[in-house]
Amino acid sequence: MAAVTRGSFTFMRRLLLAHRYKRCCSRVQTGQPDYTRHPHTVFIPQLCSSRFFHTSYVTSGPILPFKLSDIGEGIMEVTVKEWYVKEGDKVSQFDSICEVQSDKASVTITSRYDGVIKKLYYEVDATALVGTPLVDIETEPGPVTLVNLSEVVHEEDVVETPAMSNDEHTHQEIKGHKTQATPAVRRLAMENNIKLSEVVGTGRDGRILKEDILNFLAKQTGAILPPTPFHEIQPPPPAASAPSSASMPKMKPTPSVQLPVVSRPVFTGKDSTEPLKGFHKAMVKTMTAALKIPHFGYKDEVDLTRLVQLRKELKGLSEARGVKLSYMPFFIKAASLGLLHFPILNASVDESVQNITYKASHNIGLAMDTSQGLLVPNVKNVQLLSVFEIAVELNRMQTLGATGQLGKADLTGGTFTLSNIGSIGGTYAKPVILPPEVAIGALGKIQVLPRFNSRDEVVKAHVMNVSWSADHRIIDGATMARFSNLWRDYLENPASMVLDLK
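Residues numbered from 1 in each chain as written. Predicted model: local features only at pLDDT ≥ 70, side-chain atom pairs only at ≥ 80, totals over all residues. Heavy atoms only, no water.

You'll find the chain entered in an unreviewed UniProt entry as Dihydrolipoamide acetyltransferase component of pyruvate dehydrogenase complex, with Oncorhynchus tshawytscha given as the organism. On record in UniProt, under Cofactor (unreviewed entry), the comment for the chain is "(R)-lipoate". Regarding the chain, the UniProt comment filed under Catalytic activity (unreviewed entry) reads as follows: "N(6)-[(R)-dihydrolipoyl]-L-lysyl-[protein] + 2-methylpropanoyl-CoA = N(6)-[(R)-S(8)-2-methylpropanoyldihydrolipoyl]-L-lysyl-[protein] + CoA". (UniProt positions renumbered as here; feature names shortened; annotations may be inferred.)

As structure tokens, then:
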């Protein structure tokens, strides 16, 4: 035994323990071990160069501290009122260990392991903190196989900690309700104002699970919950005959793949009713009146490649003057130039549709998404303004809209409207006319798409879609199409707008 080096004392101690339990069998053989016949064989090079040692025995399981889990409801400490076990008692999973009490609830703590109680940490009426051990449990023993002595290290250098999943919770029973649920389940029920006594548990011994709470909530709200993700369990392949140790290649362990956890939505909202008021009430009135108008729709595509380049050149000059220059001032100015040629689109009709009023001013509205809802302020007298002056006015209205300070003067008197819905998303739309106006346009988002040029070459183009709606009682389709073509020409050739400015 003089050849046995550091670490062999642990081995000898375990060997003596195995002999004391009379469960040890050993032999010394010559030659290489046959691992297929003796799976518990251990080769010991310290004893001899061509001998190995075979042994197996049963040892006690690890002693695990059983901690007081989070009870919920903000409880950080409890009082131990009664112990149901004593040191040396054998317990099984779900057996009652003790009763603890807080100022909010009395809870029975049940065991998570099978084993023997080795230590009680608290006396009756002592205060236990959440997260500290309640008892030590020596788990059930199991077979142990010795390893190569060259790999043995001192026991005090290694500490084994059992792995616990996030779903492990102390099983607790709330007295008075006779219901069993984990703290997470009880917290979910409390957040949704659900009494556990009204929920039927489908777990072991009637324990209430998270799924039971969700299903109960779905029945109350009428919500449809998605099914629990199903993972097919593949049967293991048939075991092949074990090859000899000499021909067996060394294989690297395959890492386990953890399946993603899909969380279920929890519906906690409640229905509420409130009266329509303010801008919402005004919108109901306007849209109800719009339903009486027969809408004619017309859609087209605009190539804004030249306009994109022009805005890029003017953007820096505009910002130097403190004004943000978007595409909208160009769209509005092009519409005003088109209205000069088709004034019927800048008109209104009376309620009996007997008279048409042609508006002298081009008060072009811009549908704006604000904190108050959808508002349509309008730029007054666009026919007299330059593109830069329109940009200044839009900057002013956007600032007021963001702070909820748009006044009546900005929101009334419109004669024609453009909706820049594309700034949010979408390509085509079906805009609704705002009475007493007779036409409206909706602008889609600008996209970079391939198009053919005049030489049949595929080029990169900045394309925007436009959707028009007109009051078909007084505006025919040809008029709407001709106006759209003229508006498109101004934008595809923005230099022409300079020539037509008055």
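Running from N to C, helix 6 (residues 328–341) and helix 7 (residues 387–402) cross one another at 120 degrees; their axes reach a closest spacing of 9 Å. In terms of orientation, helix 6 and helix 7 fall into the oblique class. As helix 6 packs across helix 7, the resulting crossing turns out to be right-handed. Note on element contacts: helix 7 touches helix 6 through Val387, Ile390, Ala391 and Leu394, opposite Met328, Pro329, Phe330, Ile332 and Lys333. Residues belonging to the contact of helix 6 with helix 7 are distributed by class as follows: 8 nonpolar, no polar and 1 charged. (Axes fitted to C-alpha atoms, helices over the stretch in contact; angles between N-to-C directions. Helix = DSSP H or I, 4+ residues; strand = E, 2+ residues; numbered from the N terminus. Parallel < 35°, antiparallel > 145°, perpendicular 65-115°, else oblique. Left-handed = near helix turned anticlockwise from the far one by under 90°. Contact = heavy atoms within 4.5 Å. Nonpolar A, V, L, I, M, F, W, Y, C, P; charged D, E, K, R; others polar.)

All right, on to the pattern of salt bridges then. Note that side chains of opposite charge can pair when their charged atoms are close. Here the structure, examined in full by the defined rule, presents 9 salt bridges. Among the ionic pairs, Glu393 bridges to Arg396, the shortest N-O distance being 2.6 Å. Separated by 3 residues within a single helix, Glu393 and Arg396 lie in helix 7, roughly one turn from each other. Arg396 gets classed as partly exposed once you look at its relative accessible area, which sits at 32%. The closest approach of N and O atoms between Arg455 and Glu457, which form a salt bridge, is 3.5 Å. Note on Glu457: relative accessible area 38%, which makes it partly exposed. (Salt bridge = Lys/Arg side-chain N within 4 Å of Asp/Glu carboxyl O. Buried < 20%, exposed > 50% of the residue type's maximum accessible area, 1.4 Å probe, protein only.)

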